[in-house]
Amino acid sequence: MATASESSLTEEISSKSAILYDLQKQRADPEVLQQARKELGELKKSLALLQNPAGGNKKDPWIKGERPRLLLKTPKGTRDYGPAEMFCREHVERIVKECFTTYGGSCLDTPVFERKDILTGKYGEDAKLIFDLMDQGGEQLALRYDHTVPLARYLAMSGATAPQSKLWQVGKVYRRDNPVMSKGRMREFSQADFDIAGAWDPMIPDAELISLLCTLLTKLDVGEFIVKLNHRKILDGIFEVCGVSQEKIRSISSAVDKLDKLPWSEVKKEMTDEKGLDPAVADKIGDYVKHKGGPALLEQLKADNALMANPSAKDGIEEMDILFGYLKSYKVLDKLSFDLSLARGLDYYTGIIYEAIVEASAPPGFKSTNAFASSSSVPASAPASAPAPVPKKKAANPGAADEEEEVDESQVGVGSIAAGGRYDNLVGMFTAAAGPVGRKAAQLPCVGVSIGLDRVFAIVWPKWVARGMRSMSTMVYVMAAADGLLNERVELVQELRAAGIQTDFLFKKKPKLQAQFAAGERGEAPFAVILGGDELKEGFVTVKEQNWELVDDKKVKIESTDKGVKVKRAELIQWLKHTATYAEWERGRWLQN
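One structure accompanies this document, and this report is about it. Predicted model, so just to flag it, every value in this text is computed and none were measured.

With that settled, the discussion passes to helix α8 (residues 249-256). α8 sits mainly inside the fold: six of its eight residues count as buried. Taken together, the buried positions of α8 are occupied by Ile249, Ile252, Ser253, Ser254, Ala255 and Val256. Close packing links the buried residues of α8 with α7 (232-242), α9 (264-274) and α10 (279-289).

This part covers the packing of aromatic side chains. On inspection of all chains with the given rule, the structure shows nine aromatic pairs. Aromatic pair Phe457 and Trp461: ring centres 5.6 Å apart, planes at 20°, arrangement stacked. With Phe457 and Trp461 both in helix α15 (residues 453-466), this residue pair falls four residues apart, about one helical turn. In this structure Phe457 comes out as buried when scored by relative accessible area, which is 4%. Of the residues examined, Trp461 reaches a relative accessible area of 21% and is grouped as partly exposed. Taken together, Tyr81, Phe457 and Trp461 form an aromatic cluster joined through their ring pairs.

Here Glu208 is to be found in helix α6 (residues 204-220). Judged by relative accessible area, which is 15%, Glu208 ranks as buried.

Side chains of Ile204, Ile322, Tyr326 and Tyr330 sit close together on the surface and give an oily, nonpolar patch of about 310 Å² of accessible area. For the nonpolar patch, the element with the highest residue contribution is helix α13 (residues 311-330), accounting for three residues. Judged by relative accessible area, which is 39%, Ile204 ranks as partly exposed.

Definitions and cut-offs
- Residues numbered from 1 in each chain as written.
- Predicted model: local features only at pLDDT ≥ 70, side-chain atom pairs only at ≥ 80, totals over all residues.
- Heavy atoms only, no water.
- Buried < 20%, exposed > 50% of the residue type's maximum accessible area, 1.4 Å probe, protein only.
- Helix = DSSP H or I, 4+ residues; strand = E, 2+ residues; numbered from the N terminus.
- Contact = heavy atoms within 4.5 Å.
- Phe/Tyr/Trp six-rings, centres within 6.5 Å; stacked < 30°, edge-to-face > 60°.
- Patch = residues over 30% accessible without salt bridge, like charges linked within 9 Å, V, L, I, M, F, W, Y side chains within 5 Å.
- Areas by Shrake-Rupley, 256 points an atom, 1.4 Å probe, with all protein chains shown as cover.
- Salt bridge = Lys/Arg side-chain N within 4 Å of Asp/Glu carboxyl O.

Structure follows, in structure tokens:
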């Protein structure tokens, strides 16, 4: 029977849970939510201590063989990748890294966690998504949120004196977001970044990165894609011309960035009701940010006297004019959309910003964002393109309001699969904070792009499966027709491996031939090399090519009466490498017909 204290605590927990639930529904300030969660957690701890005081008579569950059952699962927002999935992921990463090196990049690696003061103050409203770590020997640490801030810290540690350079990094990053696992939105995920540091002639590095992004997405075969472009200076100039105060520019920019997910009415409501913007000012902003197009839209902005009178907007428009000239030479204009609603929520961007969306994952109305396929701009009076369905959240239990709401995955798209922009002040922010007060800090302008590899995988993997792509790279499976011939098999396997041919065999002394074929077929090895005692004495082995096909969306082996071809053992390596099958696989054809 519960004591009076237990009852009162239980009632207080129920009350606090309901309050927290209401705060979440109202999208209350993050600090208010954090304080409510903290108070609720303290109450729950008090109740737990009251019910199970230290030194009580509760039986130890480990005594007499009793123990609590282990919950075998990965943490929320994380997942395992099996061998077949990893084979596909490695294929994606290989393309990314080859493209990075083709564009002249050098590899960098930074720690997966950073000092917390390195990360704070860089991500705007997304700062609440940073994963804090417990105190580690006097250092307050956090898992890295992206690769950009750690790169800037790395460059600042060199005194921001690094020469002009191209640096790339591939690795895990962490965000305490509501995950949508099937769409690649996770708490632990892989990103591939390419950044160009140093003072260069205007907009050349920016155009180079946009070209890199278009080349990369084409090679990855993600389907039709569009790279949306905007300029922070143009956007800030628009806000200033419309009457937004300096202290509200970043928060209003964050609201505008949601126009690819929400209708204008919802975005305007956030601006006015939640962020205190005058409705008339919001309407002026709406007349600008509904535009999307290309060079023709740029000409329209040049004709806007009020905008051209704003120094920030004028600088941005002139830089975009230079950029479009370079992008024409890179031959990527057909992949771009100049979109004035693109804002990018991160605080450190100072110039050009961009993100890539794909047809398979973008909100409805995706095709209308390609200004070069249709009209050059959307009239100010026209409604924005149809927004994506607002993600539905599963009903929460008010009694468990401290738990995060679950997102209905069927209502959510993959979203952008790559994004980036120019951040000229981030390195200088670190050098200034680390240097003496009053001394001029060294600056190092940078521009970069980040590719979300898990989101790319979420698009590529279903295609990989549908096409019957392989899950292993083994090319040859060595077998014995009789008497095991273990030593002979091992010797041949090692020779083939030394020649760079992926080879395997069955770990049995005297395996049956059928068992060996079955093992080779599981890895879909295209060549079965069969050893026979008499053939080996004559200096020959038998090679049988194996092929698979898709039947009713399932991959099955093509049965054949072919007994194989005899090949001189001494010439086996050369024979294999000169076959059409081997050549095709070397070129990356992973499905046999």
